[in-house]
Amino acid sequence: MKWNQAQLRKIILIGLISILLLYLLFSLFKKPKPLEIPPPVVQVAHPQTQEVVEYVTQTGTTVAYQSVNLVARVEGYLEKISFKDGSFVKKGQELFIIQPEPYAEQLKAAQATVAAQKAIDAYNKSEYARQQRMYKQNATSLNEVEKWLARTQEMTAEIEKATANAVNASITYSYTHVLAPFAGRIGRHLVDLGNLVGKGEATTLATLEQIDPIYVYFNLNELDLIKLRAAARAKGINSENHPQVPVYVSLQNDPNKSYQATLDFVNTGLNAATGTMELRALLPNKDYLFLPGFFVQARIALSAPQKQLTIPNSAILYDQIGPYVYKADDNEKVVLQRITLGGIAADRRAVTQGLKDTDRVIVDGIQNASVGNKVRIQKETTANEKKA
């Protein structure tokens, strides 16, 4: 049986289609091989032993050591402002002048009254002495002697009254020159030149603050306060010598650098509304690094340095239960480990429970790690190497 070319092409086409269908059916029912995702890369570090001091730490605020509102105590037009806004001024430095002329004239009048009264008093005393001599010579009556004695006594009282008026006039005149009561930093002037001040009530002209030293106010909760009091008793510190207690103050942008202050004031009891007690530290501020109103960290040591395991702060995670870390086990699987935290040492934190010095704590790549899954350890370091 012979096949023509058309028949051969048809048979070949049917065969190719059949092979293609068989391949498609085989591919459809064949299970695809799952893609293998490589484990995430992490870095681990062994906890390091170092000496750590346990602190109680709270956020505090800085307050000026002294603060005063400079006010106009006399009525008049503001004639002079003798400082630059925001500058530092010395004690006794002239800051404002308030129309001194009327008060200078009142002072002159009061002083002139004193001088006139003294002149009259001198004449009265002289006349009284003359009347006494004349009385001894029977040249005048006792009534005249007593009259001049009364005038002398009256004039003594008038002199005292005039002197008091002169002193008051002098004090009032001094109010026309507003001076700095202490050295410090002055704010902006609140009244411009030429304005009437002191009419009916005291007019605030500016605010002056002394910020060297500066106060740091902070509050401790009841538990921290109990710890602090126990530590103080152990060191023999009481209410009489509490200024010996050092307080370490840090700025918000540089918590690792601290400035030493001393405990200056402890309130008498807990605030019933907040359950905290107010404390105050006195901080030297020679370079004016701290300004009133800063939020700072205040720390007080509760113990002497003790050797404890520490890990980087960046390795510590938190949830509703408390702090924990991820560590890699012998099979390089991620394990969640609950820990108990101790004191702070620079950028590391002491761990009092939950870790051993042989544990491999994940310190980098934490965001890619999940409990029970494998990780690939790229580098194994100590806490010191991680810091470097």
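Rules of the game
Residues numbered from 1 in each chain as written. Predicted model: local features only at pLDDT ≥ 70, side-chain atom pairs only at ≥ 80, totals over all residues. Heavy atoms only, no water. Pairing = 2+ DSSP bridges. Helix = DSSP H or I, 4+ residues; strand = E, 2+ residues; numbered from the N terminus. Axes fitted to C-alpha atoms, helices over the stretch in contact; angles between N-to-C directions. Expected span 1.5 Å × (residues − 1). Contact = heavy atoms within 4.5 Å. Buried < 20%, exposed > 50% of the residue type's maximum accessible area, 1.4 Å probe, protein only. Arc of directions from axis to C-beta. Polar contact = N/O pair within 3.5 Å; in protein donor to acceptor, adjacent residues only side chain to side chain. Salt bridge = Lys/Arg side-chain N within 4 Å of Asp/Glu carboxyl O. pLDDT = per-residue confidence, 0-100. 1 Å grid on protein atoms, 1.4 Å probe; cavity = no way out; pocket = protein on both sides within 12 Å on 5 of 7 lines; lining within 4 Å. Points joined across faces, edges and corners; volume = space filled by probe spheres on them. Nonpolar A, V, L, I, M, F, W, Y, C, P; charged D, E, K, R; others polar. Phe/Tyr/Trp six-rings, centres within 6.5 Å; stacked < 30°, edge-to-face > 60°. Lys NZ or Arg CZ within 6 Å of the ring centre and 35° of its normal.

**Considering the pairing of strand β20 (residues 348-353)**
The two faces of the sheet receive side chains in turn, since in a regular strand these alternate between them. As paired elements, strand β15 (residues 306-312) and β20 share 4 bridges and run antiparallel to each other. Bridge pairing links Leu309 to Val351 in β20.

**Things to note about the sheet that holds β20**
Read from one edge to the other, the open sheet built from 4 strands follows the order β2-β15-β20-β19, with strand pairing classed as antiparallel. The open sheet is flanked by β2 (48-52) and β19 (340-345), the only strands paired with a single partner. On average, adjacent strands in this sheet sit at an angle of 50° to one another, irrespective of strand direction.

**Quick look at helix α2 (residues 101-136)**
Here α2 contains 36 residues, and its C-alpha end-to-end distance of 53 Å stays within 8% of the 52 Å for a straight helix at 1.5 Å per residue. For α2, the secondary structure elements touched by its buried residues are α3 (142-174). At the C-terminal side of α2, Asn138 shows a positive phi close to 60°.

**Some points on helix α4 (residues 222-234)**
Here α4 spans 18 Å end to end across 13 residues, near enough to the 18 Å set by a 1.5 Å rise per residue. Listed in full, the buried residues belonging to α4 are Asp224, Leu225, Leu228, Ala231 and Ala232. Down the axis of α4, the smallest arc covering the buried residues is 130°, so these residues share one side. Facing away from the buried side of α4 by more than 90 degrees, the exposed set consists of Leu223, Ile226, Arg229, Arg233 and Ala234. Sitting at the head of α4, Asn221 places a side-chain oxygen 3.2 Å from the backbone nitrogen of Leu223. Of the residues trailing α4, Gly236 is marked for its positive phi of about 75°.

**Topic: the sheet that holds strand β7 (residues 177-179)**
Neighbouring strands of a sheet are bound in pairs by backbone hydrogen bonds; such pairs are parallel or else antiparallel. Spatially, β7-β6-β4-β9 is the arrangement adopted by the 4 strands of the open sheet, whose pairing is antiparallel. Pairing within the sheet leaves two strands with one partner each, and these edge strands are β7 and β9 (196-197).

**Section: the pattern of salt bridges**
Going through the model one piece at a time under the given rule, you end up with 8 salt bridges. Taking the shortest distance from any N to any O, the salt bridge between Asp319 and Arg338 comes out at 2.7 Å. With Asp319 in the loop between β16 (317-318) and β17 (323-328) and Arg338 in strand β18 (residues 334-338), this residue pair connects regions lying 19 residues apart in the sequence. Residue classification places Asp319 among the partly exposed positions, given a relative accessible area of 34%.

**Some points on the confidence of the model for the protein**
Within the protein, residue pLDDT values average 87, and 91% of them lie at 70 or more. Contacts of residues 383-388 to residues separated by more than four positions or lying in other chains number 15 contacts, the stretch itself having pLDDT below 50.

**Points about the side chain of Gln210**
Relative to the helices and strands, Gln210 resides in strand β10 (residues 203-221). Here Gln210 is in contact with Ala64, Tyr65, Gln66, Phe182, Ala183 and Gly184, once residues within four sequence places are set aside.

**Looking at the pairing of β18**
The pairing of β17 with β18 spans 5 bridges and is antiparallel. Across the sheet, residue Tyr326 finds its bridge partner in β18, namely Leu336.

**Here we look at the environment of Leu225**
Take Leu225: it is sitting in helix α4. Taking relative accessible area as the criterion, Leu225 reaches 10% and is therefore assigned buried. Residues Leu225 and Leu270, spaced 45 residues apart in sequence, show a C-alpha to C-alpha distance of 9.6 Å. Apart from residues no more than four positions distant in its own chain, Leu225 is found in contact with Leu220, Leu270 and Met277.

**Examining the layout of surface pockets**
Taken as a whole, the second largest pocket spans an internal volume of roughly 250 Å³. Forming the walls of the second largest pocket are 14 residues, and the residues nearest its centre are Pro255, Asn256, Arg299, Ile344 and Ala346. Counting residues per element, the ones that place at least two in the lining of the second largest pocket are β2, β3 (55-72), β12 (254-266), β14 (295-301) and β19. Considering every element that reaches the lining of the second largest pocket, the biggest residue donor is β12, with 3 residues. A breakdown of the residues in the lining of the second largest pocket according to their chemical character gives 7 nonpolar, 5 polar and 2 charged.

**Notes on the packing of aromatic side chains**
Following the criterion strictly, the structure yields 8 aromatic pairs and no others. Ring geometry for Tyr65 versus Tyr215: centroids 5.1 Å apart, planes at 40°, classification tilted. Taken together, the positions of Tyr65 in strand β3 and Tyr215 in strand β10 put the pair 150 residues apart, joining distant regions of the chain. Since its relative accessible area comes to 32%, Tyr65 is described here as partly exposed. Exposure remark for Tyr215: the relative accessible area of 12% places this residue in the buried category. Linked through ring pairs, Tyr65, Tyr215 and Tyr217 together constitute an aromatic cluster. Above the ring of Tyr215, the side-chain terminus of Arg280 is found at 4.0 Å from the ring centroid. Against the face of Tyr55 rests Arg299, its NZ or CZ located 4.1 Å from the ring centre.

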